[in-house]
Amino acid sequence: MMSSRCAAERSGEEMGARRALHFVFKVGDRARTARFYRELLGMSVLRHEEFEEGCKASCNGPYDGKWSKTMVGYGPEDNHFVAELTYNYGIGEYRLGNDFLGITLVSSQAVSNAKKMGWPLKEVTAGVFETEAPGGYKFYLEDKEQKKEDPVLKVTLGVSDLHKSVNYWSHLLGMKIYEKDEEKQRALLGYADNQCKLELKAVGGAVDHGTAFGRIAFSCAKEELPNIEALMKKENQTILTPLVSLDTPGKATVQVVILADPDGHEICFVGDEAFRDLSKVDPNGGKLLDDAMAADKSDTWFAARNMKKVSA
């Protein structure tokens, strides 16, 4: 392992240059999922893209067929942490594990929306409500006026060994430790005060990723990508996808490196400049999603044959 002095030096150099981007969710019911994010959380569709074959970096999971990507959030991806919703045509549901423990955000409007919609809502602590997106993904809604900056506060992931995970994310990936509670076996890390944080919580055993496993993404200077890959090789850490270029029809080509932390959580690092170009808000994003959902007859096709979509 590297010395703590070297880690601290690198952490200081890189924290300002890296930013938290999004978390990737696999969704089986695209229509209900879109309703949850738009009508309950109050997010907007930032862009929508359709692909005829699987992603070279397995962005849509280990599937080769047609899929779509929808980015939803409270504002532009340049300064908001957003959700990437990946939909594989023909797959109706995914098995949850204990890897993704929730996203916490501030929005009294979302709490109000959930009550009006009759969406299941449970107050878990004073002023904090738990709800679930279709597929079972947990969201924690703080019943306060939505912040003018990004209201998404943190993503919580389960870990088997808190010390080992904190060491990986802070020493190897250069994150600042904001909080660490040994008694509650949790830690809060991040790249900047004004960014969405990463919370790590011990689950008391092995981490099960199910088939619904997601991916958390960060950007960095393009020149940093080969260095990240080289560091992981040197430290004998897992590289799921070595440095590769990903094409999106009609949009910017980005370079990415995909890693896995000690518990197998997938981590994407993408070159910042090209990603800012790729991730510009598309004013037609909502219409593109609506059109794709209207054209998707897969549910009707399966129902007409008394069949169900595949469960991954």
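We now turn to the structure provided with this report. Every value quoted in this text rests on a predicted model; they were computed, and no experiment measured them. (Residues numbered from 1 in each chain as written. Predicted model: local features only at pLDDT ≥ 70, side-chain atom pairs only at ≥ 80, totals over all residues. Heavy atoms only, no water.)

### Description of helix 4 (residues 162–172)
Leu162, Ser165, Val166, Tyr168, Trp169, Ser170 and Leu172 are the residues of helix 4 that are buried. Of the residues flanking the start of helix 4, the one acting as N-cap is Asp161, its side-chain oxygen 3.2 Å from the backbone nitrogen of His163. Gly174 sits one or two residues past helix 4 and shows a positive phi near 75°. (Buried < 20%, exposed > 50% of the residue type's maximum accessible area, 1.4 Å probe, protein only. Helix = DSSP H or I, 4+ residues; strand = E, 2+ residues; numbered from the N terminus. Polar contact = N/O pair within 3.5 Å; in protein donor to acceptor, adjacent residues only side chain to side chain.)

### Regarding the nonpolar core
With 61 residues, the main nonpolar core has Phe25, Tyr37, Leu41, Phe139, Trp169 and Phe269 as its most contacted residues. The dominant element in this core, judged by the number of residues it contributes, is helix 4, at five residues. Counting residues in hydrophobic clusters, the runner-up holds 17 residues, among them Phe51, Ala217, Cys268 and Phe275. (Core = buried A, V, L, I, M, F, W, Y, C linked by side-chain atoms within 4.5 Å.)

### Considering the sheet that holds strand 11 (residues 176–181)
One key point about sheets: their strands pair by backbone hydrogen bonds, in either a parallel or an antiparallel sense. Reading across the sheet, the eight strands line up as 7-8-9-6-10-13-12-11 and stay open at both edges, with mixed pairing between neighbours. Two strands close off the open sheet at either side, each with one partner strand: strand 7 (122–125) and strand 11. Looking at each pair of strands side by side, their axes are set apart by 25° on average, direction ignored. Alignment of strand 6 (residues 100–106) against strand 10 (residues 152–159), held across five bridges, turns out to be antiparallel. (Pairing = 2+ DSSP bridges. Axes fitted to C-alpha atoms, helices over the stretch in contact; angles between N-to-C directions.)

### Describing unusual backbone geometry
In terms of backbone geometry, most residues other than glycine have negative phi values and most peptide bonds are trans. Of note in this structure, Gln185 is not a glycine but carries a positive phi near 55°. Mapping Gln185 onto the fold places it in the loop between strand 11 and strand 12 (186–190). Using a relative accessible area of 30% as the deciding quantity, one classes Gln185 as partly exposed. Positive phi, normally seen in glycine, also occurs at Asn236, with a value near 55°. With respect to the helices, strands and loops of the structure, Asn236 is situated in the loop between helix 5 (224–234) and strand 15 (238–246).

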